[in-house]
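# Chain and residue survey
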Amino acid sequence: MRNFLFRLIGILEIAGGFYGALTMLRRLLPLGSTHDAILALIGLLFYGFVLIAGVLLMEGSERGVTLSRVAQLMQLPLIATPVLSYALHCGAFVNVFATLQMPPRLGLDWHVGSQGFTLAVAGPAVSRLGINLLALLSWLALRMR
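Below, the structure is looked at part by part. Quantities reported herein were computed from a predicted structural model and do not represent experimental measurements. (Residues numbered from 1 in each chain as written. Predicted model: local features only at pLDDT ≥ 70, side-chain atom pairs only at ≥ 80, totals over all residues. Heavy atoms only, no water.)

### Concerning the nonpolar core
Counting residues in hydrophobic clusters, the biggest one holds 13 residues, and the most contacted among them are Met24, Tyr47, Tyr86, Leu88, Cys90 and Phe117. Breaking this core down by element, the ones donating at least two residues are helix 1 (2-28), helix 2 (34-58), helix 3 (62-74) and strand 2 (85-99). Considering each element in turn, this core owes the most residues, 4 residues, to helix 2. Residues within four places of phenylalanine 117 in sequence aside, it is in contact with Met24, Leu39, Ile42, Gly43, Phe46, Tyr47, Tyr86, Ala87 and Leu88. In this structure, Phe6, Ile9, Ala141 and Leu142 belong to the second largest nonpolar core, which totals 6 residues. (Core = buried A, V, L, I, M, F, W, Y, C linked by side-chain atoms within 4.5 Å. Buried < 20%, exposed > 50% of the residue type's maximum accessible area, 1.4 Å probe, protein only. Helix = DSSP H or I, 4+ residues; strand = E, 2+ residues; numbered from the N terminus. Contact = heavy atoms within 4.5 Å.)

Here it is as structure tokens:
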């Protein structure tokens, strides 16, 4: 069971990291504004890290397990406030979130076969905070010995 879960996590990391890195390269290459280029470079570094972690995990390396834990922790938070926004997912996500308006609402969002990166100093008018349950479960599975 452990090997199956590690391989599944590795496949999602490799696929999401590769697809995300290509997306960030495409966003970086037109050499638009400096702000867009910096965000694309940060995204490229994040996705490259996740891709390397997935490859090392698939090889069965202990370093791959450690890097994959960090990669899953990077995908854990979902923050969307008017001041700061951050979200990252590679391969798939199951987000559980709460909107911070009156009355507060809980929500669930999921997708498989995707990648996404958001980092902004501004965000939506209605704040949302949440976690990626798939990243949390993957992080817990990577802690199995």
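### Concerning the pairing of strand 3 (residues 105-120)
The pairing of strand 2 with strand 3 spans 15 bridges and is antiparallel. When the bridges of strand 3 are listed, alanine 92 appears paired with valine 112. Taking the residues between adjacent antiparallel strands as the criterion, strand 2 and strand 3 are bridged by 5 residues. (Pairing = 2+ DSSP bridges.)

### Overview of empty space enclosed by the protein
Under the defined criterion, the tally for this structure stands at 1 cavity of 30 Å³ or more. Taken as a whole, the largest cavity encloses approximately 70 Å³ of empty space. (1 Å grid on protein atoms, 1.4 Å probe; cavity = no way out; pocket = protein on both sides within 12 Å on 5 of 7 lines; lining within 4 Å. Points joined across faces, edges and corners; volume = space filled by probe spheres on them.)

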